[in-house]
Amino acid sequence: MAVKDRIKPIVRELNERIKDFNEVSLGYTWELAVEEAKRCLQCKIPTCVQGCPVGIDIPGFIKEIVQGNFQNSYKILKKYNSLPAVCGRVCPQEIQCEGSCILNKTGKPIAIGLLERFVADWASENAIEEKITIEKTTNKKVAVIGAGPAGLTNASELAKYGFKVDIYEAFSEPGGVLIYGIPEFRLPKSIVKREVDFLKKLGVNITLDIPVGYAIEPEELIEKYDAIFIGVGAGTPKFMNIAGTELNGVYSANEFLTRINLMKAFKFPEYDTPVKIGKKVVVIGGGNTAMDAARSAFRLGAEVTIVYRRSEKEMPARKAEIHHSKEEGIKFQLLTQPIEYVGDENGKLKAIKCVKMKLGEPDTGGRRRPLPIENSEFFIEADIAIEAIGTNSNKLLLSKFKGLELNKWGYIKTDEFGQTSIPKVFAGGDIVTGSATVILAMGAGKKAAKKMKEFLET
Amino acid sequence: MLNQIVEKKKLAYGVHLFWIENPIISQKAKPGQFVIFRVHEHGERIPLTISGTDKDKFRVIVRAVGKSTYELCKLSKGEYIKDVVGPLGTPSEIKKYGKVLIIGGGVGIAAIAPIAKELIKQGNKVDVILGARSKEYIILENEFKEATNIFIVTDDGSKGEKAFPHQLMEKLLQKNKYDVAWAIGPALMMKSCSEIAKKYNLKIFVSLNSIMVDGTGMCGGCRVRIKDELKYTCVDGPEFDGRDVNWKSFLTRLSQYREEEKIAFENYLKKVGEPTWL
Ligand SMILES: Cc1cc2nc3c(=O)[nH]c(=O)nc-3n(C[C@H](O)[C@H](O)[C@H](O)COP(=O)(O)OP(=O)(O)OC[C@H]3O[C@@H](n4cnc5c(N)ncnc54)[C@H](O)[C@@H]3O)c2cc1C
Ligand SMILES: Cc1cc2nc3c(=O)[nH]c(=O)nc-3n(C[C@H](O)[C@H](O)[C@H](O)COP(=O)(O)OP(=O)(O)OC[C@H]3O[C@@H](n4cnc5c(N)ncnc54)[C@H](O)[C@@H]3O)c2cc1C
Ligand code: SF4
Ligand code: SF4
Ligand code: FES
Ligand SMILES: [Mg+2]
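Just so it is clear, the structure is predicted and the values come from calculations on it, not from any experiment.

Cut-offs applied
- Starting from 1, residues in each chain are numbered consecutively following that chain's sequence as written.
- Chains and ligands are labelled sequentially in the order written, the chains with letters from A and the ligands with numbers from 1.
- Restriction of local features to residues with pLDDT of at least 70 applies here, the model being predicted, together with a cutoff of 80 or more for giving and counting side-chain atom pairs; totals for whole chains, interfaces and linings are based on all residues.
- Computation of side-chain values: all heavy atoms of the structure, hydrogens and water removed.
- For this purpose, a residue is taken to be near a molecule or strand whenever a single non-hydrogen atom of the residue falls within 4 Å of it.
- Think of it as three bins: nonpolar holds Ala, Val, Leu, Ile, Met, Phe, Trp, Tyr, Cys and Pro, charged holds Asp, Glu, Lys and Arg, and polar takes everything else, Gly as well.
- A pair of strands is considered paired only if DSSP assigns at least 2 bridges between the two.
- By the criteria applied, helices consist of DSSP H or I runs no shorter than four residues and strands consist of E runs no shorter than two, each listed in order from the N terminus.
- The angle between two axes is taken between their N-to-C directions and runs from 0 to 180 degrees, where each axis is a line fitted to C-alpha atoms and a helix contributes only its stretch in contact.
- For this analysis, residues touch if any pair of their heavy atoms sits within 4.5 Å.
- UniProt positions are given in the numbering used here, feature names are shortened, and annotations may be inferred rather than shown by experiment.
- For this document, the term salt bridge refers to a Lys or Arg side-chain nitrogen within 4 Å of an Asp or Glu carboxyl oxygen.
- Note on exposure labels: buried denotes an accessible area under 20% of the residue type's maximum, exposed denotes more than 50%, and partly exposed covers the range between, all computed with a 1.4 Å probe on protein chains only.

Undergrad: Just to check I follow, could you spell out the site of ligand 3 for this structure?
TA: Among the 13 residues in the neighbourhood of ligand 3, the closest are listed as C52, C91, Q96, C97 and E116 of chain A. Looking at side-chain class alone, the shell around ligand 3 contains nine nonpolar, three polar and one charged residues.

Below, the structure written as structure tokens:
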């Protein structure tokens, strides 16, 4: 029997969406969702579940959609994942749940992410609230440092277990990368706000504008609380550190995106924070961050080129983002490595000297190593360059946290449940793994919460 | 109440002193550290040096130079700052050096006041140079009473000697030996003082006023080249040895948003009219 095609989501018209920061994909209507859900084979041994880092009962929640029981479906999702509206949108499904779907071989895996998103959005539109059952209130207190997906999930789990939770966040808004990194057109901020409001209903206290390590010392937290969870993210941007990195017009993706997303520079001068848009923008890198920076710059009116040193196949970004970027008109300059920024007499970027690359033998990670081609230097004209080549661990907190063991890359060392070298202190998310994904950060927050419960009850 | 302006005073035209209630910051702040304000919901994040603390409040002294600082200076006692983050940055390296020369220019005097105080407390002999455009802008003079010597210079000669701070600095270095120096003020002043310090082989701390966003090491926008390394002013600094700073690129980066700043400022003035409160 031929496998039916995947049901396509509603996506806003190209001409319309590239002019604003509103969400690009509008997802499924309920008719479309039911139709897509019907394609699921309800496998006895669902391989899809193995691909999901939090092991959602995927056939279970899809079955409820087929039967029109969206509320039940939502209940199932929420049991495994406290942020389904977020994960349905930003998970790299093609290498996780959908990549493991039995139908993936046919190129038509079930659109699990879109279905998950549909159910979560339906629940929010219909004001369906998860019934909160707080296990039993105790007087034990937990401090969570950082309000990204790891910290928020950890806090929500612990609050449901009945602990008193205080979150401390350095920024003026909770959400971590969901707020300052991932743009509105991919993840509307109202969704993050909804989840944060839910946390508050659970009684979680969020204190903003607190850089822990500076405003509060770790020792104070250790003394005041019964346990601590660190979810401060990876956070500090890397630069290639080629000549000209200080030129005006050279940004890290973190800075460019923070100005736009958190500080709303795309609405300058209605909002006070400026951002340089430029005429010709070059984004360096091939991950989600690169795509987000490129598509943001494009929406602000620039001509945008992504420069990546390997080929498209090796790009770590989600396939959907690469597809949307190309469709929107972003150019790809592959197998190319910048080697120098060239400035004008006023210290402004005017061009990037690059070298062409070819792919050599696979490295230890299995990706083919890019090698420079001799005498292939050339220049790309650019007034803005945005480096999106990854992050290092942010030392803001770690440098002040005495006795906390780090691994050789500078991230926090933990056991598989998130316990650090200080028994009272747990950690999870990017600050343990290095830059990873929202769902992994959430999974780590959840796992640690379980272990923290054990710890607090003994 | 948190982040309330509990005291405000105009020190000179466009230079305003604020005491802000925030016990966390006032109890933790050390000389050399700064805060970041966001004045209102639509505001940008602006760094300001903590110029003193007293129980539950801390002091900042602001010079109005553009939209955000004009808006801040317009606020009155009793009003609130939307967001106040801090203390941020690495504190000044204060210890017993022996003889220290401290130079404060303009609103930079606000930054050196707590540093001088602490150095004196630690048993250093401290000579101070206060410099400004004209006599009105020599602020906080009575906070340096315990200094060994205090010298005043103005650009127009309306108070003290008619000279630039680095010129007096050189004169003093010709006669005296210092173990370390601090110079905080306009970028060009810090640059000139650093050049003199280099000539006399003197370690000199300057406090860089790089353009910042988060102030937590997360964006890299505040990067400067120190010798051959890229450093983040907000976490590695703001104080660096002025002899190691790549001043050319530092100064260039300060002008990154000139055009946008002008637009914001002009729009603002159109809206509020004559800034009579300055
Ligand atoms: C532009 C971009 C796009 C991405 N796209 C995707 C995607 O499509 N799909 C996907 O799955 N993943 C994506 N990721 C990765 C994903 O966002 C991260 O893996 C995830 O957010 C990590 O969560 P976290 O909770 O560990 O840290 P973060 O989200 O980084 O949150 C950490 C929080 O801690 C706060 N903090 C830091 N230090 C302190 C301190 N000392 N005191 C108090 N608070 C502190 C920070 O301000 C921040 O709010 C993307 C990342 C970026 C940057
Ligand atoms: C660590 C540090 C401590 C400082 N301490 C003080 C202080 O105690 N008192 C004081 O009056 N000023 C201080 N400043 C400078 C102050 O932050 C700027 O004057 C202010 O941000 C200007 O904002 P504006 O909108 O009023 O002016 P704009 O017209 O926007 O800018 C005027 C100039 O200020 C600089 N500037 C603009 N935006 C920023 C920003 N986000 N961060 C840093 N600099 C910026 C630029 O060089 C710009 O050309 C400090 C800066 C730093 C980095
Ligand atoms: S959480 Fe992510 S990986 Fe798991 S089912 Fe949902 S979209 Fe797939
Ligand atoms: S593997 Fe695919 S078809 Fe099978 S249950 Fe999972 S989603 Fe449905
Ligand atoms: S201000 Fe962002 S890293 Fe320093
Ligand atoms: Mg400004």
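Undergrad: Which parts of the structure should I look at to understand the sheet that holds strand β16 (residues 384-387) of chain A?
TA: The strands that make up a sheet are held in pairs by hydrogen bonds between backbone atoms, and each pair lies either parallel or antiparallel. All names here are of chain A. Strand order in the open sheet formed by five strands is β8-β16-β9-β10-β11, with parallel pairing between adjacent strands. If you trace the sheet from one side to the other, it starts and ends with β8 (250-252) and β11 (331-333), each paired once. Taking each pair of neighbouring strands and ignoring which way they run, the sheet shows an average axis angle of 25°. Pairing between β8 and β16: three bridges, direction parallel. Each bridged residue has a counterpart across the sheet, and for V250 the counterpart in β16 is A385. Helix α13 (residues 253-262) contacts β8 and β16 of the sheet and is inclined by roughly 80° relative to β8.

Undergrad: Help me understand the UniProt feature "binding site: FAD" (unreviewed entry) in chain B in this model?
TA: Residue and element names in this part refer to chain B. Per the UniProt annotation, the sites labelled "binding site: FAD" (unreviewed entry) are I61, V62 and R63. The residue I61 is located in strand β6 (residues 57-63) in this model. In this structure I61 touches L11, V15, H16, L17, S51, V107, A110, I139 and L140, once residues within four positions along its chain are discounted. Structurally, R63 is set in strand β6.

Undergrad: Please explain the UniProt feature "domain: Dihydroprymidine dehydrogenase" (unreviewed entry) in chain A as it appears in this structure.
TA: When the UniProt feature table is mapped to this numbering, "domain: Dihydroprymidine dehydrogenase" (unreviewed entry) covers residues 17-126 of chain A. The span residues 17-126 of chain A carries 55% helix and 3% strand; its end-to-end C-alpha distance comes to 26 Å.

Undergrad: Help me out: how do you make sense of the UniProt feature "domain: FAD/NAD(P)-binding" (unreviewed entry) in chain A in this one?
TA: Under the present numbering, the feature "domain: FAD/NAD(P)-binding" (unreviewed entry) in UniProt falls on residues 140-445 of chain A. The span residues 140-445 of chain A shows a helical share of 27% and a strand share of 25%, and its end C-alpha atoms are spaced 18 Å apart.

Undergrad: So what exactly am I meant to see when it comes to the sheet that holds strand β11 (residues 161-162) of chain B here?
TA: All names here are of chain B. Taken together, the seven strands give an open sheet; going across it, the order is β11-β10-β9-β8-β12-β13-β16, and neighbouring strands pair in mixed fashion. Strands at the two margins of the open sheet, each flanked by one partner only, are β11 and β16 (239-241). Examined bridge by bridge, strand β10 (residues 149-154) and β11 share two bridges and lie parallel to one another. The partner of T154 across the bridge, within β11, is K162. Helix-sheet contacts for helix α3 (residues 108-121) involve β8 (99-105), β9 (125-132), β12 (180-184) and β16, and the interaxial angle to β8 is about 160°. Sitting on the sheet, helix α4 (residues 165-175) is in contact with β8, β9, β10, β11 and β13 (204-207), with an inclination near 150° to β9.

Undergrad: Before we go on, may I ask you to explain the site of ligand 4 in this structure?
TA: Close to ligand 4 lie C40, L41, C43, T47, C48, P59, C101, I102, I110 and I112 of chain A. Taken together, the residues that form the shell around ligand 4 break down as nine nonpolar, one polar and no charged.

Undergrad: Just to check I follow, could you spell out the pattern of salt bridges for this structure?
TA: Where charged atoms from two side chains of opposite charge come close, those side chains can pair. Residue and element names in this part refer to chain A. Scanning the entire structure with this criterion turns up 49 salt bridges over all chains. Its salt-bridge partner being D292, residue R186 comes within 2.7 Å of it at the nearest N-O pair. With R186 in the loop between α10 (177-180) and α11 (189-201) and D292 in helix α14 (residues 288-299), this residue pair connects regions lying 106 residues apart in the sequence. For R186, a relative accessible area of 8% corresponds to the buried category. D292 gets classed as buried once you look at its relative accessible area, which sits at 3%. With its nearest N and O atoms 3.3 Å apart, the salt bridge here joins D197 to K193.

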